[in-house]
Amino acid sequence: MHVGSPCHDVERAIEEVLNLRSGADIGSLAAGVADLSRLFTREKQVPSRDYLTDEKLRNSYLAYFFPVNLAKVRAVLGELPRHQEGGPSSARAFRVLDLGSGPGPATVACLTWLHDQGRAPHGPVEVVLVDRAGPALAMARDVIAACRQGQVAVHTIRADLERRAWLRGLPSGPSGTYDLIVVGNCLNELYRTSRDACARRAKLLEVCLDLLHPEGSLIVIEPASRPESRALHRVRDRLLEGRICNVYSPCLRDQPCPALEREDDWCHEERPWTPPWAVEAIDARVGFIKDALKFSYLVLRRDGRTIVRRHPESYRVVSELRTLKGEQRAWLCNAAGRHEVGRLDRERSEENAAIDRWHRGAIVRVEEIVRKDVPAGVRSVGRIRAGTRVELLKASED
């Protein structure tokens, strides 16, 4: 199937597919969103992607969760290197593989990202969507068609990711590899009854890494809840044990995840977002507030490239900046581990004023953190002094 290059009015495309010309259908869509929310949270035993075979739930997913998940993928894509093999100036087709695609939010996110980089409609693009729900794949084709105007090759494969048959359905492009592979919000739904779900999920990602172009990126996005996030951390560690890839982002380390050291820790993102009108209208009916994007993620590569150069003074902020009585605190993570750091208000200076702009997901540089000697296993707060130079290297919104 060949359809047009991506436009930026994805909201209009969704309205066109749903024939959503006014708020008349919001009540029905909101009821479906409430049902989906229960399936995604309290009733996690639901079979993978089976909900997308139900027309009511599929329409509600398109109206509400599609723009949310598209925005999450776009946020992660924004961290990738701008110029890579197969990029905007290349004559080789840029190939995208979307596993557990549903109606295609990750694919549309990739296409709009490529469009912003100047790739489409000037260079060839090929996308492959794999999902077990045939009706969801059909809806994906409709949405992609409504979003584009140039020439992009679209392939859909109806298959169960827990079985290897989907591999045989992949089109054999000139290179046989993919520049972007996205596994969006579905890894946690796979192998739930397996004795070792972590090993099976890691094996699936190993297969994806084998399909990756040498300078390509594998993006895995999961819900921000503690169980799903910690499960992703464990899969990450399993992959790194085999030394078959490196973490490009969000981690500034390739050692075991320190968030797994304590049961109450996990790592996730929370980024501000302005929702489209339909999402706001559904929120008003259901009682939700979708004013931020919350998710856990990994970007894996095989070329050793990382989002910033690894350095003992560089850290990822893995919590909100908390204002306490007389000080500011946040949790930082790098190769040395995960540590709580604080600056007393009386120690604020021009050199460390960048702390005031810290936020979850930011990458920062701290010249020195003063730590007290404490017994092993005891947590202490590292201190940033008035003379310590602090920089905000990369905001999460960059």
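Each remark here, short or long, concerns the structure printed above.
Everything quoted here is computed from the prediction, not taken from an experiment.

Draft legend 1. Summary view of the overall build of the protein. Counting its secondary structure elements, the protein contains 9 helices and 16 strands. A buried classification covers 59% of the 398 residues belonging to the protein. In the protein, the proportion of contacts linking residues at least 24 apart, taken out of those at least 6 apart, comes to 77%. Counting every atom, the protein has about 17200 Å² of accessible surface; 47% of that belongs to carbon and sulfur.

Draft legend 2. Looking closely at helix H8 (residues 226-241). With 16 residues, H8 should reach 22 Å at 1.5 Å per residue; the first-to-last C-alpha distance of 23 Å fits that figure. Looking at the buried side of H8, the elements it contacts are helix H7 (197-210), strand E6 (212-222), strand E7 (246-249) and strand E9 (292-301). Just beyond H8, the residue with positive phi is Arg243, at close to 55°.

Draft legend 3. Representation of the pairing of strand E14 (residues 363-366). Alternating positions in E14 separate into two faces, Ile363 and Arg365 on one and Val364 and Val366 on the other, with burial throughout. Inspection of the sheet shows strand E10 (residues 314-317) paired to E14 by 3 bridges, in the antiparallel sense. Across the sheet, residue Ser314 finds its bridge partner in E14, namely Arg365. Pairing of E14 with strand E16 (residues 390-394), which is carried by 4 bridges, proceeds in the antiparallel orientation. The partner of Arg365 across the bridge, within E16, is Glu391.

Draft legend 4. Up close: the packing of H7 against H8. The geometry of H7 relative to H8 is characterised by a closest axis approach of 9 Å and an angle of 60° between their N-to-C directions. It follows that H7 is oblique to H8 by the angle criterion. Considering the relative orientation of H7 and H8, their crossing is right-handed. Residue-level contacts link Cys198, Ala199, Arg201, Ala202, Leu205, Glu206 and Leu209 of H7 to Ala231, Arg234, Val235, Arg238 and Leu239 of H8. In terms of residue class, the contact of H7 with H8 is made up of 8 nonpolar, no polar and 4 charged.

Draft legend 5. Fine view of the layout of surface pockets. Each pocket or cavity is described by its volume, and for the largest pocket that value is around 730 Å³. Going through the elements one at a time, helix H2 (26-40), helix H3 (55-77) and E9 are the ones with two or more residues in the lining of the largest pocket. Considering every element that reaches the lining of the largest pocket, the biggest residue donor is H3, with 6 residues. The residue makeup of the lining of the largest pocket, split by class, is 11 nonpolar, 6 polar and 9 charged.

Draft legend 6. Seen up close, the packing of H2 against helix H9 (residues 277-286). Packing of H2 against H9 brings their axes to within 9 Å, and their N-to-C directions diverge by 70°. What the angle tells us is that H2 and H9 run roughly perpendicular. Residues Ile26, Gly27, Leu29, Ala30, Val33 and Ala34 of H2 touch H9, and the partners they reach there are Trp277, Ala278, Ala281, Ile282, Arg285 and Val286. Residue classes in the contact of H2 with H9 are distributed as 10 nonpolar, 1 polar and 1 charged.

What counts and how
- Residues numbered from 1 in each chain as written.
- Predicted model: local features only at pLDDT ≥ 70, side-chain atom pairs only at ≥ 80, totals over all residues.
- Heavy atoms only, no water.
- Helix = DSSP H or I, 4+ residues; strand = E, 2+ residues; numbered from the N terminus.
- Buried < 20%, exposed > 50% of the residue type's maximum accessible area, 1.4 Å probe, protein only.
- Contact = heavy atoms within 4.5 Å.
- Areas by Shrake-Rupley, 256 points an atom, 1.4 Å probe, with all protein chains shown as cover.
- Expected span 1.5 Å × (residues − 1).
- Pairing = 2+ DSSP bridges.
- Axes fitted to C-alpha atoms, helices over the stretch in contact; angles between N-to-C directions.
- Parallel < 35°, antiparallel > 145°, perpendicular 65-115°, else oblique.
- Left-handed = near helix turned anticlockwise from the far one by under 90°.
- Nonpolar A, V, L, I, M, F, W, Y, C, P; charged D, E, K, R; others polar.
- 1 Å grid on protein atoms, 1.4 Å probe; cavity = no way out; pocket = protein on both sides within 12 Å on 5 of 7 lines; lining within 4 Å.
- Points joined across faces, edges and corners; volume = space filled by probe spheres on them.

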